[in-house]
Amino acid sequence: FKTIGWLKNNFIDDKDYLELKTESAGKLILSHYPHYSWNGSHRGNIHLYGHIHTAIAPLNGKSFNVGICQSQAYMPFSIPEILKVTDKQSNGTHHE
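What counts, and where the lines are drawn
Residues numbered from 1 in each chain as written. Predicted model: local features only at pLDDT ≥ 70, side-chain atom pairs only at ≥ 80, totals over all residues. Heavy atoms only, no water. Pairing = 2+ DSSP bridges. Helix = DSSP H or I, 4+ residues; strand = E, 2+ residues; numbered from the N terminus. 1 Å grid on protein atoms, 1.4 Å probe; cavity = no way out; pocket = protein on both sides within 12 Å on 5 of 7 lines; lining within 4 Å. Points joined across faces, edges and corners; volume = space filled by probe spheres on them. Nonpolar A, V, L, I, M, F, W, Y, C, P; charged D, E, K, R; others polar. Core = buried A, V, L, I, M, F, W, Y, C linked by side-chain atoms within 4.5 Å. Buried < 20%, exposed > 50% of the residue type's maximum accessible area, 1.4 Å probe, protein only. Contact = heavy atoms within 4.5 Å.

(A) Here's a closer look at the pairing of strand 2 (residues 26-31). Sheet topology places strand 1 (residues 17-22) next to strand 2; six bridges connect them, and they run antiparallel. Across the sheet, residue leucine 18 finds its bridge partner in strand 2, namely leucine 30. The antiparallel pairing of strand 1 with strand 2 creates a hairpin that spans three residues between the two strands. As defined by bridge partners, strand 2 adjoins strand 3 (residues 46-49) across four bridges and the pair is classed as parallel. Within strand 3, the position partnered with isoleucine 29 by the bridge is histidine 47.

(B) Spotlight on the layout of surface pockets. Estimated volume of the second largest pocket: approximately 220 Å³. Looking at the second largest pocket, it is lined by 14 residues, and the ones nearest its centre are Tyr49, Ile56, Ser63, Asn65 and Gln89. The element contributing the most residues to the lining of the second largest pocket is strand 4 (residues 63-65), with three residues. The class makeup of the residues in the lining of the second largest pocket is eight nonpolar, six polar and no charged.

(C) Quick look at the nonpolar core. Formed by Ala25, Leu28, Ile46, Leu48, Phe64, Ile82 and Leu83, the largest nonpolar core amounts to seven residues. The set of elements that each furnish at least two residues to this core consists of strand 3 and helix 2 (79-86). Here phenylalanine 64 is in contact with His47, Leu48, Tyr49, Phe77, Ile82, Val85 and Thr86, once residues within four sequence places are set aside.

See the structure below:
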């Protein structure tokens, strides 16, 4: 249970949905759950999600499952690792 204490001491807040602007990756849309559509998916905003422990059908835009089960080392993914995948994906469609 030391991990729970560490998490409580090192994270300010928890949210179901959060949008972050970054210098290296643009806008990141964070959610525990995968979404088929998210703010700015047609502009290339990247959706990072978890919850799913296996592969799912591709989503509508640049997205990446950051769940710990997806990592071979059971470690968080770095921004460069995420961009290596999402840079190959197409932007989502808008209102189709």
